[in-house]
Amino acid sequence: MMSSMSLSRMLRAASVCRTMSTATKLTAVEVNDKTGIATVTLSRPPINALNVELLHDLYQSIKEIENNKSRGLILTSSNDKVFSAGLDINEMYRPDKDRARLLWTKLQDVWLALYGCALPTAAAINGHAPAGGCLLATSCEYRVILPQCRIGLNEIQLGLVPPIFCMFNFLNVLPRRVAERALVQGRIFTTEQALQIGLVDDVASSKEKALEKCSQFIATFAQTNPLARSLTKLKFRGADLQRFESERTNELESFLEFIDHPQMQEDLGIYLEGLKKKNRN
Ligand SMILES: CCCC/C=C\CC(=O)SCCNC(=O)CCNC(=O)[C@H](O)C(C)(C)COP(=O)(O)OP(=O)(O)OC[C@H]1O[C@@H](n2cnc3c(N)ncnc32)[C@H](O)[C@@H]1OP(=O)(O)O
């Protein structure tokens, strides 16, 4: 039976949170009316693998929140073990070429929208965040992770060359030599290691506490002029955004060429089979 305590807590939550009108299917957007902070929850079971549709919905959600002048954006996951498993490897293995083009273009759009978002952004990393999962988290300004998680850009372990925006994200949060070594080794870090090198800002014992810490970070800007804040952020990130624009077409074509290569396809097939086999044994 529900206690009166939990019922009143639910009613209180219901009165301050609203779902955004155009909330999409694979991302849920909730705005806290008291704080003005919007939470985007990645919701593509089982592991939030980033396919065309999830990337599309995520892009729409970020833009909608930005246009609605929320006070900040928090990114999290509906899965309690995985924040995001990164790009859906099924979209790269024996791909439909038009869809692979769309996948990469949408990944670029999402990076641009999140890295260049005018609002304060934070990630409540409530599960593993390899590859594209880490990319999303490091596009934000602040990160809180849960214990016993793994996070990192392991693209190179799949034979993929990390795109330029992976470099920008790591250089934005890590010292240069740490960033370079992590990328060329395709390192995946534990929660403790991630905190120690500064890949994440804090550790929380639960998703709720991680969300709370993210809200507190966003609240630190309550007295700051929002336009001055966003222009300062864009001054820091502007050179990366410009370089990205000048290389985005080349990077798209390199990605398509890369995954078209027979050796690459063989490697991706072996990697995918390895992931599946783990569950059969
Ligand atoms: C050219 C440069 C590109 C740069 C940008 C991005 C690149 C990428 O993002 S590539 C994707 C790289 N991702 C990974 O290497 C992650 C691989 N997955 C894992 O490490 C684990 O699955 C994870 C820690 C995320 C979760 O572990 P578990 O909770 O134990 O789940 P399972 O491993 O059992 O996975 C469940 C189910 O999902 C399949 N799976 C896992 N990851 C992916 C993926 N990225 N794409 C597609 N499918 C994935 C896995 O095989 C299981 O399938 P079934 O066995 O059929 O249930």
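Keep in mind it's a predicted model, so treat the numbers as computed, not measured.

With that settled, the discussion passes to the overall build of the protein chain. The helix and strand tally for the protein chain stands at 10 helices and 10 strands. The globule rule puts the C-alpha radius of gyration for 281 residues at 19 Å, and the 19 Å found for the protein chain is close to it. Its C-alpha atoms put the protein chain at 60 × 50 × 40 Å along the principal axes. Looking at the 281 residues of the protein chain, the share that counts as buried comes to 38%. Pairs at least 24 apart in sequence give 71% of the contacts found in the protein chain among residues at least 6 apart.

Here we take up the nonpolar core. In terms of nonpolar packing, the biggest core is built from 71 residues, with L73, A122, A124, I125, A137, I151 and C214 touching the most fellow members. In this view, L73 contacts A38, V40, I62, I65, C117, L119 and T121; residues no more than four positions away in its chain are not counted.

What follows concerns the site of the ligand. Taken together, 28 residues form the shell around the ligand, and within it G86, L87, A131, G132 and L275 come nearest. Of all the elements in the fold, those that place two or more residues in the shell around the ligand are α4 (132–139) and α10 (262–280). A class-by-class count of the residues in the shell around the ligand yields 17 nonpolar, six polar and five charged.

Moving on, we get to the confidence of the model for the protein chain. Looking at the protein chain, the pLDDT average stands at 92 and 91% of residues meet or exceed 70. Predicted confidence is poor over residues 1–15, with pLDDT under 50, and the contacts of this stretch with residues over four places away or in other chains come to one contact. As scored by the predictor, the complex reaches a pTM of 0.93 and an ipTM of 0.97.

Bringing the environment of N154 into the picture now. Within the secondary structure layout, N154 lies in the loop between β8 (150–152) and α5 (164–173). Sequence separation between N154 and E266 is 112 residues; the distance between their C-alpha atoms is 18 Å. Those residues in contact with N154, other than ones at most four positions away along the chain, are P130, A131, G186 and I188.

Scoring rules and cut-offs
- Residues numbered from 1 in each chain as written.
- Predicted model: local features only at pLDDT ≥ 70, side-chain atom pairs only at ≥ 80, totals over all residues.
- Helix = DSSP H or I, 4+ residues; strand = E, 2+ residues; numbered from the N terminus.
- Rg over C-alpha atoms; globule rule 2.2 N^0.38 Å.
- Buried ≥ 20, exposed ≤ 12 C-beta atoms within 10 Å, placed from the backbone.
- Contact = placed C-beta atoms within 7 Å.
- Core = buried A, V, L, I, M, F, W, Y, C linked by C-beta atoms within 7 Å.
- Near = placed C-beta within 6 Å.
- Nonpolar A, V, L, I, M, F, W, Y, C, P; charged D, E, K, R; others polar.
- pLDDT = per-residue confidence, 0-100.

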